[in-house]
Amino acid sequence: MELIGTVDPAHPLVVVALEQEARHFVTDFPVLVTGVGKVRAAVAVAHALGGGARPRELVNVGTAGGLHPGMEGTHEVATVFQHDFDDPALHAVTGRHDGPPLALSATRAVTPEQAPAPSTPGGTAAPVLATGDRFVAGGPVRDRLAGVADLVDMEGYAVAAAGAMLGVPTRLVKHVSDSADESAGTTWVEGVDACARVLAEWVGTRLA
């Protein structure tokens, strides 16, 4: 985890998983590099905000796998859920919802609220993001996720959940780096620098 800059309530905190995704940023906004996965992302956000000032909003930008033809470019997420957390089954046992899907605004930051469990992909106008502690590269996992989501990553849900717990509005902005298929690892490595340039342009031109 690394926090670059100082968090203050007048500005957003930009959250990324990896330095490679932020290497071309030119911004005065603080940037939090969390590391990969849900645990690192949630802990990093909680640590950065737990004892001091809150930012105006959390803006998690990063790469994601696209699960459908046409899922290219940069998308702001409308709904995010954990694809490796069985909330319905655990609710049946415990009576608690400890990991429900979260609804976000695709046009402005709002504090995430519990959303209905996704049943069909939202499409490019209202993309659904599946987050899990697994790099999806084809196989049955990808096939299953393609029926309920548009994008897949490893940190988005954790950032949104941490933001909701801390009362900080959250946005998730993902650039498609690969097709989450068997070539995803190679494609990500070869294309991450180009993705980072696109993300840097988004941060530099779309955040104010």
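Preceding block: the structure.
The paragraphs below set out a description of the structure included in this document. Just so you know, these numbers come straight off a predicted model, no measurement behind them. (Residues numbered from 1 in each chain as written. Predicted model: local features only at pLDDT ≥ 70, side-chain atom pairs only at ≥ 80, totals over all residues. Heavy atoms only, no water.)

### Considerations on the overall build of the protein
Then, in step 1: Secondary structure summary: the protein contains 6 helices and 11 strands in total.
Then, in step 2: With respect to the three principal axes, the spread of C-alpha positions in the protein is 45 × 40 × 30 Å.
Then, in step 3: Of all 208 residues assigned to the protein, the portion counted as buried reaches 50%.
Then, in step 4: The contacts of the protein with a sequence gap of at least 6 include a subset with a gap of at least 24, amounting to 73%.
Then, in step 5: Roughly 9400 Å² of accessible area belongs to the protein as shown, and the carbon and sulfur atoms make up 55% of that amount.
Then, in step 6: Across the protein, the 14 positively charged side chains and the 24 negatively charged ones have centroids separated by 4 Å. (Helix = DSSP H or I, 4+ residues; strand = E, 2+ residues; numbered from the N terminus. Buried < 20%, exposed > 50% of the residue type's maximum accessible area, 1.4 Å probe, protein only. Contact = heavy atoms within 4.5 Å. Areas by Shrake-Rupley, 256 points an atom, 1.4 Å probe, with all protein chains shown as cover. Lys, Arg positive; Asp, Glu negative; His and termini not counted. Charge placed at Lys NZ, Arg CZ, Asp CG, Glu CD.)

### Section: the nonpolar core
Where a protein is soluble and globular, its nonpolar side chains tend to be buried together.
Then, in step 1: Core analysis: the largest hydrophobic core is formed by 15 residues, its most contacted members being Val14, Val16, Phe25, Val61, Trp202, Val203 and Leu207.
Then, in step 2: Listing elements by their share of this core, those giving two or more residues are strand E2 (13–16), strand E3 (31–33), strand E4 (58–66) and helix H6 (184–206).
Then, in step 3: Those residues in contact with Phe25 that lie beyond four places of it in its chain are Val14, Val16, Val31, Val61, Leu199, Ala200 and Val203.
Then, in step 4: Of all hydrophobic cores here, the second largest spans 14 residues; its members include Val15, Leu32, Val45 and Leu49. (Core = buried A, V, L, I, M, F, W, Y, C linked by side-chain atoms within 4.5 Å.)

### Some words on the environment of Ala162
Then, in step 1: For Ala162, the location among the structural elements is in helix H5 (residues 156–166).
Then, in step 2: A sequence separation of 104 residues divides Ala162 from Leu58, and the C-alpha atoms of the two residues are 9.7 Å apart.
Then, in step 3: Discounting residues that sit within four places of it in the chain, Ala162 has contacts with Ala42 and Val45.

### Regarding unusual backbone geometry
Then, in step 1: Even without glycine at this site, Ala180 takes up a positive phi of about 55°.
Then, in step 2: Judged by its relative accessible area of 0%, Ala180 falls in the buried class.

### A look at the pairing of E4
Then, in step 1: With 9 of 9 residues buried, E4 lies mostly within the body of the structure.
Then, in step 2: Note: E2 against E4, 3 bridges, orientation parallel. Across the sheet, Val15 pairs through a bridge with Asn60, a residue of E4.
Then, in step 3: Relative to strand E11 (residues 170–178), E4 is paired through 8 bridges, and the arrangement is parallel. Pairing of Val59 across the sheet is with Arg171, part of E11. (Pairing = 2+ DSSP bridges.)

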